[in-house]
Every structure is written in structure tokens, then in C-alpha cells.
Amino acid sequence: MSSQSTVRSQQQNNHLLVTGTVLFYLVAALAMVMANKWVLQTTSAPLFFLFAQLVIAVILFLASHAAGIVQVPLYIDGQLVKGLAPMIGLNVVGLSFSNYTLKYVDASFYQVARGLVLPFTVATSYVFLYTRPSLRILFSCSIVTLGFFVGVFLDSIPISLLGIGFGVTSSAITAVHSVVIKKSLDVVNGSAMNLSWYTNLLSAVVMIPLIALAGEVPAITNLFFGPEDIIPSPGELSALSTFVWGSLITGAIGFLMSLASLLSIKVTSPITHMISSAVRGVAASLLAVWLFGDVISNGRASSIATILGGSIYYTWVKHVESQTPKSGERDGSKYERVPLEDVEAGKATSQKPE
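Every residue gets a number counted from 1 within its own chain, in the order that chain's sequence is written. Local features in a predicted model are, by the rule used here, given only for residues with pLDDT of at least 70; side-chain atom pairs are given and counted only at 80 or more, and totals for whole chains, interfaces and linings are based on all residues. Note that the side-chain values use all heavy atoms of the structure and ignore hydrogens as well as water.

Engineer: Whenever I open this one, the packing of helix H5 (residues 117-129) against helix H6 (residues 135-153) confuses me. Can you help?
Structural biologist: Two packed helices can be described by the angle between their axes and the distance between those axes. Throughout, an axis means a line fitted to C-alpha atoms (over the contacting stretch in the case of helices), and angles, computed between N-to-C directions, take values from 0 to 180 degrees. Strands are runs of DSSP state E lasting at least 2 residues, helices are runs of H or I lasting at least 4, and numbering of each runs from the N terminus. Following both chains from N to C, one finds H5 and H6 inclined at 145 degrees, their axes separated by 8 Å at the closest point. At the point where H5 passes H6, the crossing takes the left-handed sense. Taking contact as the criterion, the partners of Leu118, Pro119 and Val122 in H5 are, on H6, Ile137, Cys141, Val144 and Thr145. Left-handed is the label given to a crossing in which the near helix is rotated counterclockwise from the far helix by less than a right angle, and right-handed is the label when the rotation is clockwise. Contact between two residues is taken to exist if any of their heavy atoms lie within 4.5 Å; hydrogens are not considered.

Set out below in C-alpha cells:
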């Protein structure tokens with residue numbers, strides 16, 4: 001009886017851990033998108049906003065290290081920088097383009113603008129990892145691609161072509177990033193925490209010259225020292241206050257997501273990840289309507305539903321295919337669970353060649 005009680009207790013704890021992990025990423029991802037949009041619609045310095053987020057995350061890493069909560073390496077050498085350079089470059093460009101996407105499109109359209117992450121990831125895995133997709137995988141990618149074009153061409157609401165361009169480019173970069181992640185982990189001896197630490201630190205350093213090259217210095221000067229272009233209504237925050245609070249919120253959330261990634265390893269399945277992603281997509285659209293007054297047309301709703309449907313079907317196909325070892329793979333290898341942020345970033349297909 002005692003052993004059965006122990007098993008039940010462990011199962012209950014596992015369920016609670018899974019539920020807590022999924023809920024955290026769901027809320028955190030929603031908060032990140034909404035807070036980013038809140039700031040980006042009031043600032044002309046999106047790259048400086050990204051830099052502020054990275055700096056806050058670095059400060060929180062150092063504070064946690066000093067408090068003994070986490071342990072991160074406090075050294076940098078040429079070999080390390082060289083090994084992480086591809087990932088840092090992709091991370092900076094990908095995050096920058098993602099911010100530009102959110103700046104130029106509605107929050108409710110953001111998921112559509114970045115809707116090609118899955119097809120790009122499958123294509124990248126085929127080109128670089130020689131992972132040949134099945135017909136069902138290709139069919140799921142076709143559904144997602146169809147959903148993207150429905151949103152772009154059949155949406156009755158005017159949309160920014162520049163925002164769509166940034167979204168497509170950031171999706172492609174995310175897909176390539178999924179290939180680079182494995183080699184980058186090897187550089188830091190497989191530590192996801194160390195990789196997150198170095199990524200935030202080195203990305204912040206790289207952002208400094210990019211901010212100047214993008215011509216954001218006048219906008220930054222005006223943000224801190226210039227007059228208010230629009231006088232806020234009573235109860236509303238100024239542009240500077242919005243920027244500061246948005247940076248603090250998103251920087252802290254990004255740091256917490258880095259810590260939580262340790263808990264999520266081998267805890268939740270990709271099926272759970274994708275379902276939570278679908279819920280997040282719908283919730284993000286509804287929140288955008290409530291917070292920013294976005295309008296969801298029939299075309300936009302159809303696009304979001306088609307992209308989510310294709311993504312869920314893809315995840316189900318991958319799950320089914322993983323249960324049936326292919327020829328040459330009947331050596332007892334099991335389905336490898338991955339963290340939520342890996343699936344969100346398109347890394348699920350790059351764990352190992354099939």
C-alpha cells in the first residue's frame with residue numbers, strides 16, 4: 001500500500017509540475033507579446049528597447065549568481081566567442097526583426113506574420129540535417145502555409161507589407177537558429193543555463209553598435225531628454241515611463257523563462273506544448289482586441305485557425321512517427337521530450353536526424 005501511495009504521490013506531483021510549467025510559459029509568452037506591443041507602439045527605438053531587455057536579463061543573472069540561486073561562468077575567451085558567434089548573430093537579428101514585426105503589425109496579426117516558422121524549420125532540417133520529411137509532415141506544412149497566405153491576401157484589414165516582410169524574415173532566421181543551437185550547446189558543455197547567460201550578455205554587447213547604425217540615437221536622446229510629442233491623458237504613462245516599465249517587465253519575464261527552462265526539460269511533451277501554443281495564439285488575439293482595440297476580420301480569424309490546425313496536425317504526426325522506429329533505428333531509442341521554448345522556436349525537429 002505504501003509503495004502504491006508513493007507512486008500516486010509521484011504521479012500527482014508530475015501532473016502538477018507539467019501543469020505549472022505549461023501555465024507559466026502560456027502566461028509569460030502572452031505577457032511578453034503584449035508588453036512588447038505596448039512599448040513598441042509608443043517608441044521609435046525598437047532596437048534600444050531590445051537592448052534594455054537584454055541588459056535587465058544580464059543584471060538579474062548576475063544578481064541570482066551572487067545570491068547563489070544559479071551559477072553562471074564569469075569568464076569569456078576568444079574560443080568561446082568564436083564558437084557562439086553564429087548563434088549570437090542569429091539571435092540578435094532574429095529578435096530585432098521580431099520586434100520590428102510587432103511594431104508594424106497588430107498584435108492579433110503577429111502570429112500570422114510569423115506563421116511560416118514551421119515550414120521553414122522543416123525545410124532547414126532537410127537542407128542542413130538531412131532530415132527527410134514524410135508526406136504527412138509536408139501536408140501539415142502546406143496547411144500552415146495556406147493559413148499564412150489566407151491572412152496576407154484575404155484579410156480585409158489593411159496590413160503593413162514591411163511588417164509581413166520582417167515576420168517572414170524572422171521566421172526563416174528562427175528556423176536556421178534551430179540548427180545552430182546544438183553546436184552552441186556543445187560550446188558550453190551542454191548547459192542550457194550557461195547558453196542563455198552568454199546569449200543575453202553577448203547579444204547585449206552586439207546591440208550597441210547596431211543601435212547607432214540603425215540611427216536610433218536621436219530617438220533615444222528625445223526619449224530621455226526631449227519634450228513629450230504627445231501629452232499623456234490623466235492616468236496614462238508617458239513614453240519614457242512606458243519604455244522603462246515595459247523593459248523591466250519583459251526583461252524580468254525573459255530571465256524567469258530562462259530559469260524555468262531547467263524545470264521543463266523532459267517534463268512536458270510536444271503535444272502539450274503545441275496545444276498550449278494554440279491556446280496562447282487564440283488568447284493573444286483576444287487580448288489584442290481588448291487591450292489595443294484590434295479588429296479580427298473573418299480572413300484573419302480563418303488564417304489563425306488554419307495555422308493552428310496545421311501546427312497541431314504536424315505535432316500529432318511527429319508524435320505518431322516517433323512511436324514507430326524506422327529501419328536502422330530499432331536500437332531502443334525513445335522519443336525525446338523537449339522544453340516548451342524549443343518547440344516555440346522551431347527546435348523540435350532539429351534534435352537529431354531521422
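Moving on, there is more to tell.
Engineer: Any chance you could explain the pattern of salt bridges here in plain terms?
Structural biologist: Once the charged atoms of two side chains with opposite charge are near each other, the side chains can pair. Salt bridge criterion: a side-chain nitrogen from Lys or Arg within 4 Å of a carboxyl oxygen from Asp or Glu. Going through the model one piece at a time under the given rule, you end up with two salt bridges. Its salt-bridge partner being Asp106, residue Arg300 comes within 3.3 Å of it at the nearest N-O pair. Separated by 194 residues along the polypeptide, Arg300 in helix H12 (residues 298-322) and Asp106 in the loop between helix H3 (78-104) and helix H4 (110-113) bring together distant segments of the chain. We call a residue buried when its accessible area falls under 20% of the maximum for its residue type, exposed when it is over 50%, and partly exposed in between, using a 1.4 Å probe and counting protein chains only. Here Arg300 falls in the buried class, since its relative accessible area comes to 0%. A salt bridge links Asp155 to Arg300; the shortest N-O distance between them is 2.8 Å.

Engineer: Looking at this structure, I do not really get helix H7 (residues 161-187). What am I missing?
Structural biologist: For an α-helix, 3.6 residues make a turn, and residues three or four places apart therefore share a direction. Multiply 1.5 Å by the residue count of a helix minus one, and that product is the helix's expected span. With 27 residues, H7 extends 38 Å from end C-alpha to end C-alpha; this agrees with the ideal 39 Å at 1.5 Å per step. Working definition for bend: take the seven residues up to and ending at a residue and the seven starting at it, fit an axis to each, and measure the angle between the axes. A maximum bend of about 35 degrees is found in H7 at Val180. A side-chain oxygen of the first residue of H7 lies 3.3 Å from the backbone nitrogen of Leu162; this N-cap is Ser160. Backbone geometry just downstream of H7 places Asn189 in the positive-phi region, at approximately 60 degrees. Any pair of N or O atoms that falls within 3.5 Å is considered a polar contact. Within protein, one atom must be able to donate a hydrogen and the other to accept it, and sequence-neighbouring residues count only if both atoms are side-chain atoms.

Engineer: Please clarify how the packing of helix H2 (residues 46-67) against H3 should be interpreted in this entry.
Structural biologist: Put simply, H2 and H3 touch, their axes get as near as 9 Å, and they point 125 degrees apart. Classified by the interaxial angle, the pair formed by H2 and H3 is oblique. Note on packing geometry: the crossing formed by H2 with H3 is right-handed. Between H2 and H3, the contacting residues are Pro46, Leu47, Phe49, Leu50 and Gln53 on the first element and Val92, Leu95, Ser96, Asn99, Tyr100 and Lys103 on the second. When its residues are assigned to classes, the contact of H2 with H3 shows seven nonpolar, three polar and one charged. For classification purposes, an angle smaller than 35 degrees is called roughly parallel, one larger than 145 roughly antiparallel, one from 65 to 115 roughly perpendicular, and anything else oblique. Three categories are distinguished: nonpolar for Ala, Val, Leu, Ile, Met, Phe, Trp, Tyr, Cys and Pro, charged for Asp, Glu, Lys and Arg, and polar for the others, with Gly belonging to the last.

Engineer: How should I be thinking about the nonpolar core in this particular structure?
Structural biologist: Burial of nonpolar side chains together is a common tendency in soluble globular proteins. Membership of the largest hydrophobic core comes to 46 residues, with the highest contact counts inside it found for Phe48, Leu84, Trp197, Met207, Ile211 and Phe243. Those elements that provide at least two residues to this core are helix H1 (2-40), H2, H3, H7, helix H8 (192-213), helix H9 (217-225), helix H10 (239-264) and helix H11 (270-292). Beyond its immediate chain neighbours, meaning those up to four positions away, Ile211 contacts Leu47, Phe48, Phe51, Glu216, Val217 and Ile220. By size, the runner-up hydrophobic cluster in this structure holds 18 residues, among which are Val122, Cys141, Val144 and Ile304. In this text, buried Ala, Val, Leu, Ile, Met, Phe, Trp, Tyr and Cys residues form a nonpolar core when linked through side-chain atoms within 4.5 Å.

Engineer: Please explain H2 as it appears in this structure.
Structural biologist: The end-to-end C-alpha separation of H2 is 32 Å, in line with the 32 Å expected for 22 residues at 1.5 Å each. Note on H2: the residue one or two positions beyond its end, Gly68, has a positive phi of about 80 degrees.

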